[in-house]
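An overview of the molecular structure
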Amino acid sequence: MERPERAVDDCAEDAAFSPSKAVGAGASFNDGKERLGEMAKLAGFDFYLLSVFPRGDRTAFIENRLIRNWPLSLVGFYEAADLFYCSRLVTAMKRTIVPIFCKEGSFAGSAANQENRRLNTLFQLHGLKNTFAFALHDADLKQYIFAFSGDCPMPTREQAMALLRLHGASGQGFAQWQPGNGPSETLTRREIEFLRRRLIP
């Protein structure tokens, strides 16, 4: 019996894709950028984002983004908006383990307000109209978001499977793709606030 294919549209439904074997043990930050660029090109997208899945008190975009090729002006605006944790994309990914496809407004919130409309317009002006995304875990069960954005329609099943085969759930930590050689653990906002109150009278 063949497994049915289901279309994914507007972050509302999921698709019957399954992750496969991965590649890239010990990848550096530059390797990560190159790999994500290859993956985006494979599916016909221009932009990519690798991010830690927002959890608990680590919800801000600036705390979780690892690698992206978004325009700098867009990154700065989005960090200030602080909508990543409650975006349509992240909200949809919390409901399913399979890849999703969002038509417009992927990174804005679901509320029909002026801020979300302005954010949607800004993303579209920069060419990030539609987004195809999936989540993977590393060996430490830390969850990551791979998101590819552009003007193109939803990838075909073959393109989606090729993306997942190119970089599926391996035993390696995607955090090693972070720029710099600092410690992998960073302070949470709660810890920073605690230290600020203790150190600043």
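Right, let's walk through the structure included here. (Residues numbered from 1 in each chain as written. Predicted model: local features only at pLDDT ≥ 70, side-chain atom pairs only at ≥ 80, totals over all residues. Heavy atoms only, no water.)

This paragraph deals with the overall build of the chain. Broken down by element type, the chain carries 7 helices and 5 strands. From first element to last, N terminus to C terminus, the chain shows the α and β order α-β-α-β-α-α-β-α-β-β-α-α. Of all 201 residues assigned to the chain, the portion counted as buried reaches 44%. Taking the intrachain contacts of the chain between residues at least 6 apart in sequence as the baseline, contacts between residues at least 24 apart amount to 66%. Put simply, the chain shows about 10,900 Å² of open surface, and 52% of that area lies on carbon and sulfur atoms. (Helix = DSSP H or I, 4+ residues; strand = E, 2+ residues; numbered from the N terminus. Buried < 20%, exposed > 50% of the residue type's maximum accessible area, 1.4 Å probe, protein only. Contact = heavy atoms within 4.5 Å. Areas by Shrake-Rupley, 256 points an atom, 1.4 Å probe, with all protein chains shown as cover.)

Moving on, we come to the pattern of salt bridges. Under the defined criterion, the tally for this structure stands at 2 salt bridges. For Lys-129, the salt bridge is made with Glu-104, and the minimal N-O distance between the two is 3.8 Å. On the criterion of sequence distance, the pair formed by Lys-129 in the loop between α5 (114-125) and β4 (130-137) and Glu-104 in the loop between β3 (100-103) and α5 is long-range, its members being 25 residues apart. On the basis of relative accessibility, which here comes to 35%, the residue Glu-104 falls in the partly exposed class. (Salt bridge = Lys/Arg side-chain N within 4 Å of Asp/Glu carboxyl O.)

Another point: the packing of aromatic side chains. Throughout the structure, instances matching the rule amount to 13 aromatic pairs. When the centroid spacing of 5.0 Å and the interplanar angle of 75° are considered together, the rings of Phe-61 and Tyr-78 count as edge-to-face. One end of the pair, Phe-61, is in helix α2 (residues 61-64); the other, Tyr-78, is in helix α3 (residues 72-81), with 17 residues separating them in the sequence. By relative accessible area, which is 2% here, Phe-61 ends up buried. With a centroid separation of 6.1 Å and an interplanar angle of 80°, the aromatic rings of Tyr-78 and Phe-107 are classed as edge-to-face. One end of the pair, Tyr-78, is in helix α3; the other, Phe-107, is in the loop between β3 and α5, with 29 residues separating them in the sequence. (Phe/Tyr/Trp six-rings, centres within 6.5 Å; stacked < 30°, edge-to-face > 60°.)

Turning our attention to the side chain of Glu-63. Looking at the element boundaries, Glu-63 is found in helix α2. For Glu-63, a relative accessible area of 19% puts it in the buried group. At 3.1 Å, the side chain of Glu-63 forms a polar contact with the backbone nitrogen of Ala-60. (Polar contact = N/O pair within 3.5 Å; in protein donor to acceptor, adjacent residues only side chain to side chain.)

With that settled, consider the environment of Ala-108. Positionally, Ala-108 belongs in the loop between β3 and α5. Note on Ala-108: relative accessible area 1%, which makes it buried.

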